[in-house]
Amino acid sequence: FPISIIVVSRTSLKLHAYLRERPERGRRKLLSFISFRRERKRRRSRKMPFISQIQRQSDYAYFPSDTPIVIDNGASYFRIGWAGENDPRVIFRNIVQRPRHKGTGETVTIVGDHDPALLRYFDCTRSGPRSAFDNNVVYQFEIMEYILDFGFDRLGANGSQIDHPVLITECVCNPVHSRSKMSELLFETYGVPSVAFGVDAAFSYKYNQRHGICNEDGLAICPGFNTTHVIPFVAGEPVYKGCTRTNIGGYHVTDYMKQLLSLKYPHHMARFTWEKVEDLKMEHCYIAPTYASETQLFQEIDRTFVPKSEAETSQPGSEVLKSRPLTQEDFKIVLGIERFRCPEVLFNPNLVGIGQAGVDEMAGVSIRRLPEKDEELEKRLTSSILMTGGSCLYPGMCERLEAGIRMIRPCGAPIKIVRALDPVLDAWRGASAYAASAQFPQQTFTRMDYFEKGEDWIRGYKFRYTL
């Protein structure tokens with residue numbers, strides 16, 4: 001897998017020593033030391049070598065300074081490329097790990113996917129993969145800085161300054177504090193001239209609208225990695241007052257499948273890594289048309305499936321488990337009820353202990369939240385429902401969602417659900433096409449605006465998707 005290693009400096013220890021030895025210097029010296037520390041850290045991070053299988057781009061200098069850089073900052077994957085292109089240049093997992101080298105004791109930072117064969121040289125007992133996201137909001141900006149360092153380096157940037165405008169995606173109704181910290185990171189650390197923020201699901205909806213997949217009025221349902229969003233669109237613009245969100249996504253599906261397989265096959269618990277379970281999920285899972293009837297069917301087919309009544313009658317301690325030699329049958333993994341039980345959490349989050357609404361219920365709640373009660377508008381919304389995001393790729397997703405929405409809508413209401421052209425990359429492609437337009441500079445705010453107006457300017461910042 002793509003992997004990158006950065007040696008971490010120990011300047012934080014020097015900061016504590018500085019405060020202990022010189023407490024009388026006051027706040028001015030402390031701020032100057034912190035400023036020097038940030039500048040030194042930025043210069044060092046730009047010069048540190050990266051060990052990665054991702055090829056470093058060599059044509060960075062050929063792009064003029066007015067060509068925007070497009071970043072799809074998803075909770076699962078980080079995608080970066082140039083405006084006007086059809087595909088991103090660099091794609092890697094949006095995670096960071098900081099183990100210690102067994103030989104030298106140095107703390108290293110691994111950005112993106114890691115190679116299990118390489119990790120044998122590091123002590124990973126006290127460190128695991130960390131994400132900069134809390135649900136779908138960026139809150140660990142130290143980790144986000146490592147992600148951006150690696151992304152800009154793989155794009156081919158040389159030096160500490162990024163002299164290109166940046167269009168970066170964010171979640172729906174992103175808190176002002178998170179957007180302010182991201183602006184501070186981009187302006188003060190990388191020196192970008194201008195920044196624009198847009199919602200990833202909105203870019204995907206507009207991209208598919210230009211290709212005739214959906215209409216100006218419709219719903220965008222985006223089951224992502226950590227959360228699921230429903231965004232209503234009226235006249236081509238998102239209506240944020242009608243947005244809904246649940247804290248359920250592809251992460252919970254994979255984690256639930258990992259737990260079920262570990263309980264079903266305890267001899268292979270160490271082999272069920274996150275990457276392997278993720279591949280099994282995307283290759284074999286599907287959405288059942290009716291969960292109850294599908295469960296009834298698997299009671300007769302899957303021998304490892306234990307009904308609830310039988311599990312309750314069995315008393316613990318009645319049979320003592322005895323160790324036995326492993327046979328050939330122990331090395332066979334049978335995927336039965338897990339194939340549809342794990343993605344069922346998107347419609348019934350109660351299966352994993354999350355007391356929130358499912359995807360089909362969220363669509364009804366989003367329509368009821370609209371400020372204007374118009375039956376014709378509601379019909380137009382339900383007749384153009386777009387599914388986007390990596391967790392909508394399961395077979396049977398559109399059929400099950402249509403059946404669920406039809407149960408909460410009036411009889412005879414038009415319902416049409418379509419899947420995006422590419423649910424994974426359409427967000428970046430929509431942002432790339434938007435940033436390549438001539439009106440894009442009007443939607444950005446410059447570094448001068450940031451330093452003069454500060455957070456008040458960011459609080460009132462509104463992005464228009466129809467140019």
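Keep in mind the model is a prediction, meaning the values are calculated, not measured. Position numbers for residues count from 1 along each chain, tracking the sequence in the order it is written. For a predicted model such as this one, the threshold for reporting local features is a pLDDT of at least 70, and the threshold for listing and counting side-chain atom pairs is 80 or more; totals across whole chains, interfaces and linings nevertheless cover every residue. No hydrogens and no water enter the side-chain calculation; it runs on all heavy atoms of the structure.

### Comments concerning a nonpolar patch on the surface
- Here the term patch refers to residues with relative accessible area over 30% and no salt bridge, with like charges joined within 9 Å and nonpolar side chains (Val, Leu, Ile, Met, Phe, Trp, Tyr) within 5 Å. In this description, accessible areas are obtained by the Shrake-Rupley approach with a 1.4 Å probe, and a residue is regarded as covered only by the protein chains that are shown. Salt bridges are identified by distance alone: a Lys or Arg side-chain nitrogen within 4 Å of an Asp or Glu carboxyl oxygen. Taken together, the side chains of Met282, Leu393 and Val424 present a nonpolar region at the surface, about 210 Å² in accessible area.
- Elements are defined by DSSP. Helices are runs of H or I of four residues or more, strands are runs of E of two residues or more, and each kind is numbered from the N terminus. With respect to the helices and strands, the residue leucine 393 is situated in the loop between strand S17 (385-387) and helix H13 (397-408).

### Things to note about the pattern of salt bridges
- One pass over the full model with this rule turns up 16 salt bridges.
- Aspartate 217 is the partner of arginine 380 in a salt bridge, and the nearest nitrogen-oxygen pair spans 2.8 Å. Remark: aspartate 217 occurs in the loop between helix H5 (200-210) and strand S13 (218-223) and arginine 380 occurs in helix H12 (residues 375-382); sequence separation between them is 163 residues.
- Assessed through its relative accessible area of 14%, aspartate 217 is described here as buried.
- Connected through shared salt-bridge partners, Arg56, Asp153 and Arg154 make up one network. Think of it in three bands: with a 1.4 Å probe and only protein chains considered, a residue is buried below 20% of the maximum accessible area for its type, exposed above 50%, and partly exposed in between.

### Focus on helix H6 (residues 250-264)
- The span you would expect from a helix comes to 1.5 Å times its residue count less one. Taking 1.5 Å of rise per residue, 15 residues should cover 21 Å, and H6 covers 21 Å from first to last C-alpha, within 8% of that figure.
- For H6, the set of buried residues is Gly250, His252, Val253, Thr254, Tyr256, Met257, Leu260, Leu261, Ser262 and Lys264.
- By definition, residues are in contact when any of their heavy atoms lie within 4.5 Å. Against helix H7 (274-284) and helix H10 (338-341) lie the buried residues of H6.

### Quick notes on the pairing of strand S3 (residues 77-82)
- With 5 of 6 residues buried, S3 lies mostly within the body of the structure.
- Between strand S2 (residues 69-73) and S3, which pair antiparallel in sequence order, lie 3 residues.
- Two strands qualify as a pair provided that DSSP identifies no fewer than 2 bridges between them. Alignment of S3 against strand S4 (residues 90-93), held across 4 bridges, turns out to be antiparallel. Residue tyrosine 77 lies in a different strand from S4, and its bridge partner there is arginine 93.

### Let's talk about the packing of aromatic side chains
- Pairing of aromatic rings covers Phe, Tyr and the six-membered ring of Trp, with a centre-to-centre limit of 6.5 Å; geometry is then stacked below 30 degrees between planes, edge-to-face above 60, and tilted otherwise. Taken as a whole and assessed by the stated rule, the structure comprises 22 aromatic pairs.
- Ring geometry for tyrosine 60 and tryptophan 82: centres 5.5 Å apart, planes at 50°, overall tilted. Here tyrosine 60 is found in the loop between helix H2 (26-47) and S2, whereas its partner tryptophan 82 is found in strand S3, with 22 residues between them in sequence. For the pair shown, tyrosine 60 and tryptophan 82 are each scored as buried.
- Among the aromatic residues, those joined into a ring-pair cluster are Phe187, Phe197, Phe445, Tyr450, Phe451 and Tyr461.
- Its end group placed over the ring of phenylalanine 347, arginine 400 keeps NZ or CZ at 4.6 Å from the ring centre. By definition here, charges over rings are those cases where NZ of Lys or CZ of Arg is within 6 Å of the ring centre and within 35 degrees of the ring normal.

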